[in-house]
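This is what each chain is made of:
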Amino acid sequence: GVNIIVNATWSTPDSFAYCFDGLPTGCAIAINSNGARRLDASKYLWRRGYEESIRRLRPSLILRYGPKMEGEREEISIYYENEHLKRMRHGS
């Protein structure tokens, strides 16, 4: 009876067979991109998982934590900044 928003996570395409199993379709999901922009391989794997999560889960809304990534579905996304990291990097 408790409403939740699931956090969709994955690693390599091999994980797609099980990492989205059991997650609800057609509702809000959360996705994190922290750390995915450092290496080209990380960006590639993040992008593949992002696209697969959209295909399998067909989310109505994506709560996004971390930096924006190229090619995201911004029309269904709400972005949240990590205020703690922002203060550590830029002061105040």
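Structure first, text after, so check above.
Residues numbered from 1 in each chain as written. Predicted model: local features only at pLDDT ≥ 70, side-chain atom pairs only at ≥ 80, totals over all residues. Heavy atoms only, no water.

## Quick notes on the nonpolar core
Link 1 in the chain: Counting residues in each nonpolar core, the largest one holds 17 residues, and the members touching the most others are A8, W10, F20 and I31.
Link 2 in the chain: Counting only elements with at least two residues in this core, the list comes to helix 1 (16–19), strand 2 (28–32) and helix 2 (40–57).
Link 3 in the chain: Take this core: its biggest share by element is 4 residues, from helix 2.
Link 4 in the chain: With sequence-adjacent residues up to four places away left out, I31 is seen in contact with N7, A8, W10, W46, Y50, S53, I62, L63, R64 and Y65. (Core = buried A, V, L, I, M, F, W, Y, C linked by side-chain atoms within 4.5 Å. Buried < 20%, exposed > 50% of the residue type's maximum accessible area, 1.4 Å probe, protein only. Helix = DSSP H or I, 4+ residues; strand = E, 2+ residues; numbered from the N terminus. Contact = heavy atoms within 4.5 Å.)

## Re the side chain of S77
Link 1 in the chain: Within the fold, S77 resides in strand 4 (residues 77–80).
Link 2 in the chain: With relative accessibility at 13%, the residue S77 sits in the buried group.

## Concerning helix 2
Link 1 in the chain: With 18 residues, helix 2 extends 25 Å between its outermost C-alpha atoms, agreeing within 8% with the 26 Å of an ideal straight helix rising 1.5 Å per residue.
Link 2 in the chain: Residues W46, G49, Y50, E52, S53, I54 and L57 constitute the buried set of helix 2.
Link 3 in the chain: Elements in contact with the buried residues of helix 2: helix 1, strand 2, strand 3 (61–65) and strand 4.
Link 4 in the chain: One or two residues past the end of helix 2 sits R58, with phi positive at roughly 45°. (Expected span 1.5 Å × (residues − 1).)

## Concerning the pattern of salt bridges
Link 1 in the chain: Scanning all chains against the criterion turns up 7 salt bridges.
Link 2 in the chain: We note a salt bridge from K43 to D40, for which the minimum N-O separation is 3.7 Å. Of this pair, K43 and D40 both sit in helix 2, 3 residues apart, roughly one helical turn.
Link 3 in the chain: Relative accessible area serves as the criterion here: at 37%, K43 is assigned to the partly exposed category.
Link 4 in the chain: For D40, a relative accessible area of 61% translates into the label exposed.
Link 5 in the chain: R64 is the partner of E72 in a salt bridge, and the nearest nitrogen-oxygen pair spans 2.6 Å. As far as the burial class goes, E72 and R64 line up, both buried.
Link 6 in the chain: Salt bridges sharing common partners tie together E52, R55 and R56. (Salt bridge = Lys/Arg side-chain N within 4 Å of Asp/Glu carboxyl O.)

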